[in-house]
Amino acid sequence: MKYDFDKETNRKDTQSTKWGVIQDPGDPSKWLATDDYFGDDRIVPMWVADMDFPSPKPVVDALVKRAQHGIYGYSLRTDSYDRAVVDWMQERHDWKIEPKWIVSTPGVVPAVNFLVRSFVKPGEKVLIQRPVYYPFFSAIENNGCEIVSSSLILKNGRYEMDYKDFEKKAADPATKLYILCSPHNPVGRVWTLEELQRIGEICLKHHVLILSDEIHADLIFSGHRFIPMATINQAVADHTIVCTAPSKTFNLAGLHTSNIIISNQKARQRFVKTLNRCNMAGWANPFGVVACETAYRKGKSWLEQVIAYIEGNLDFLADYIKRYLPEIKVIMPEGTYLVWLDCRGLGMDQWQLRDLMLNKAKVFLDDGYIFGPEGIGFERINIACPRSILADALERIKHAVDEIND
Ligand SMILES: Cc1ncc(COP(=O)(O)O)c(C=O)c1O
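Residues numbered from 1 in each chain as written. Predicted model: local features only at pLDDT ≥ 70, side-chain atom pairs only at ≥ 80, totals over all residues.

Visitor: Explain the overall build of the protein here, please?
Guide: Scanning the protein from N- to C-terminus turns up 14 helices and 17 strands. For a compact globule of 406 residues, the expected C-alpha radius of gyration is about 22 Å, and the protein comes in at 21 Å, within 12% of that figure. With the C-alpha coordinates aligned to their principal axes, the bounding extent of the protein is approximately 65 × 55 × 40 Å. Each of the 406 residues in the protein was classed as buried or not, and the buried ones make up 47%. Contacts in the protein between residues far apart in sequence, at least 24 positions, make up 72% of those at least 6 positions apart. (Helix = DSSP H or I, 4+ residues; strand = E, 2+ residues; numbered from the N terminus. Rg over C-alpha atoms; globule rule 2.2 N^0.38 Å. Buried ≥ 20, exposed ≤ 12 C-beta atoms within 10 Å, placed from the backbone. Contact = placed C-beta atoms within 7 Å.)

Given below as structure tokens:
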């Protein structure tokens, strides 16, 4: 089946976070309803990471069928669900996993929280690589642990790891866990085999457990290849916990269904113990299990089409910015549908930049500073939307910048 991703789908009255709320321009700690913005006067939401595209048709059909049953009680994963996850990892990523390695959680962010709680004691340190997905910060700090960043380095428009600094921080005996974001949100890197091998070796050498957040693993652009951290070698696999989900891949985030893959039996038992302490945190969602299994079994064609469309959006964005917004530099992503924009050429501080995008352009982006101080002067734009919406957002930004330059 051929999908039409150009078609705009009105998300009004669907309880959408992306379209339904907006940060108070005067006070970022407050959120406002956006009911007034669905008309011509709308603020274009390009922030939180979900797509403005309906999920694959077989998934929608399976959910309708499940909904029509009428009973939505407590649910379990089935053998056939586990087999769909195993097959997906094998076929898509050449990664052989066993059904018993899968642990359910209601999302990757909850899993990261539970993993920090399971493996790091209050006062100990967790290594991350800022600028990075900001819920990692609260997962670490809310569990009484300390953030240590081996920040990525921007070299010739591409982010790289700083191995020397990484090793220095991993060697601190208080550092117990490293959270790898692979592919990396927000900088869009799809890490190479060599990069993963080098950090894997450092973590093994210093006994730092690896948590690899691979939620964006299926969204890889042509010319790049995603490598699961647990396929590097057996020693790294024994030392790695992998967070996966169909949620970014097939736009199912609201169904809160993720699969945490832990081959190391002791680590798995420890994690499950933490989940059991928070009664039923690991139970499945009746719609989530149906959607995940169907997407992994029947969603491949949709996925290939959506990646091609997003790559088209990326070309459109890069070309538009080069022509009309030369002060902004696009950090070209190798995967994901999130694009990191270097806006430092506009010469604004983080609040002026925020004001420009949100209040003047009326485009709601994720401000770079929320990904850590390394993100100041940057903005993250979500391009998983019909091209008409992306064009509207870019034109608004251009007009707002033109007005300042006039
Ligand atoms: C790296 C990363 N991890 C996790 C999540 C969210 O995971 P979940 O919705 O399953 O909690 C996101 C969403 O943007 C993400 O980018």
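Visitor: Honestly, the sheet that holds strand β16 (residues 366-367) in this entry has me stumped. Any pointers?
Guide: Within a sheet, adjacent strands bond to each other through the backbone by hydrogen bonds, running parallel or antiparallel. The strand order across the open sheet built from four strands is β13-β14-β17-β16, with neighbouring strands paired in antiparallel fashion. The strands lining the two open edges of the sheet, one partner per strand, are β13 (329-331) and β16. In the sheet, strand β14 (residues 338-342) pairs with strand β17 (residues 378-382) via five bridges, with the strands oriented antiparallel. Following the sheet pairing, L338 is matched in β17 by N382. (Pairing = 2+ DSSP bridges.)

Visitor: Please explain the pairing of strand β9 (residues 175-181) as it appears in this structure.
Guide: One face of the sheet, then the other: side chains in a regular strand alternate in exactly this way. Of all seven residues in β9, six are buried; the element is thus mostly enclosed. Relative to β9, strand β5 (residues 125-128) runs parallel, the two sharing three bridges. Each bridged residue has a counterpart across the sheet, and for L127 the counterpart in β9 is Y178. As paired strands, β9 and strand β10 (residues 209-213) are joined by five bridges and run parallel to one another. Bridge pairing links L180 to S212 in β10.

Visitor: Is there a simple way to explain the site of the ligand in this structure?
Guide: Lining the immediate surroundings of the ligand are 13 residues, of which A49, G107, V108, V109 and N185 lie closest. Looking at the shell around the ligand residue by residue, the class counts come to eight nonpolar, four polar and one charged. (Near = placed C-beta within 6 Å. Nonpolar A, V, L, I, M, F, W, Y, C, P; charged D, E, K, R; others polar.)

Visitor: I tried to follow the sheet that holds strand β4 (residues 102-105) on my own but got confused; where do I start?
Guide: Overall, mixed pairing links the seven strands, which are arranged β4-β12-β11-β10-β9-β5-β6 in an open sheet. Among the strands making up the open sheet, the edge pair consists of β4 and β6 (146-149). Adjacent strand axes in the sheet meet at a mean angle of 25°, parallel and antiparallel pairs treated alike. Where β5 and β6 come together, four bridges link them in parallel fashion. By the bridge assignment for β6, I128 is matched with S149. Contacts between helix α6 (residues 163-170) and the sheet are confined to β5, β6 and β9, with β9 contributing the most and set at about 145° to the helix. (Axes fitted to C-alpha atoms, helices over the stretch in contact; angles between N-to-C directions.)

Visitor: Would you take a moment to explain helix α14 (residues 387-405) for this structure?
Guide: Residues lying three or four places apart along an α-helix face the same way, a consequence of the helix completing one turn every 3.6 residues. With 19 residues, α14 ought to run about 27 Å at 1.5 Å a step, and its terminal C-alpha atoms sit 27 Å apart, in line with that. Among all positions of α14, only L390, A393, L394, I397 and V401 are buried. Take α14 and look down its axis: the buried residues cluster within an arc of 95°, on one side only. Exposed residues pointing more than 90 degrees away from the buried face of α14 are listed as S388, D402 and E403. The inward-facing, buried residues of α14 abut β3 (44-45), α12 (300-324), α13 (350-360) and β15 (363-364). (Expected span 1.5 Å × (residues − 1). Arc of directions from axis to C-beta.)

Visitor: Is there a simple way to explain helix α4 (residues 108-119) in this structure?
Guide: With twelve residues, α4 extends 16 Å between its outermost C-alpha atoms, agreeing within 8% with the 16 Å of an ideal straight helix rising 1.5 Å per residue. Of all twelve residues in α4, nine are buried; the element is thus mostly enclosed. Along α4, the positions that sit buried rather than exposed are V108, A111, V112, N113, F114, L115, V116, R117 and S118.

Visitor: Is there a simple way to think about the domain arrangement of the protein in this case?
Guide: Many authors give the size of an interface as the accessible area that is lost as the parts come together. One can read the domain layout of the protein as domain 1 (17-56 + 300-405) and domain 2 (73-298). Using only C-alpha atoms to locate each centre, domain 1 and domain 2 end up separated by 26 Å. The interface is formed by 26 residues belonging to domain 1 together with 30 residues belonging to domain 2. Listing elements by their share of the side of domain 1 that touches domain 2, those giving two or more residues are α12, β13 and β14. Here the residues of the side of domain 1 that touches domain 2 are counted per class, giving 14 nonpolar, six polar and six charged. (Domains from an automatic or database assignment.)

Visitor: Even after reading the chapter, I still don't get the packing of α4 against helix α10 (residues 265-277), so can you show me in this structure?
Guide: Axes are the key here: two packed helices are described by the angle between their axes and the distance separating the axes. One can describe the packing of α4 onto α10 by two numbers: an axis separation of 9 Å at closest approach and a directional angle of 115°. Between α4 and α10, the interaxial angle falls into the category roughly perpendicular. Taken as a pair, α4 and α10 cross one another with a handedness that is right-handed. Contacts between α4 and α10 involve F114, L115, R117 and S118 from the first element and R270, F271, T274 and L275 from the second. Split by residue class, the contact of α4 with α10 holds four nonpolar, two polar and two charged. (Parallel < 35°, antiparallel > 145°, perpendicular 65-115°, else oblique. Left-handed = near helix turned anticlockwise from the far one by under 90°.)

Visitor: How should I be thinking about the nonpolar core in this particular structure?
Guide: One finds V112, Y178, I179, L211 and V363 to be the most contacted residues of the largest nonpolar core, which totals 122 residues. When residues of this core are assigned to their parent elements, the largest contribution, seven residues, is made by helix α11 (residues 286-298). In terms of domain composition, this core takes at least three residues from each of domain 1 (17-56 + 300-405) and domain 2 (73-298). The contact partners of L211, leaving out residues within four places of it in the chain, are V112, L115, L177, Y178, I179, L180, I241 and C243. (Core = buried A, V, L, I, M, F, W, Y, C linked by C-beta atoms within 7 Å.)

Visitor: I would appreciate a short explanation of the pairing of β14 in the present structure.
Guide: Most of β14 is tucked away: four of the five residues are buried. With antiparallel pairing between neighbouring strands as the criterion, β13 and β14 make up a hairpin whose turn holds six residues, including T336 at a positive phi of roughly 70°.

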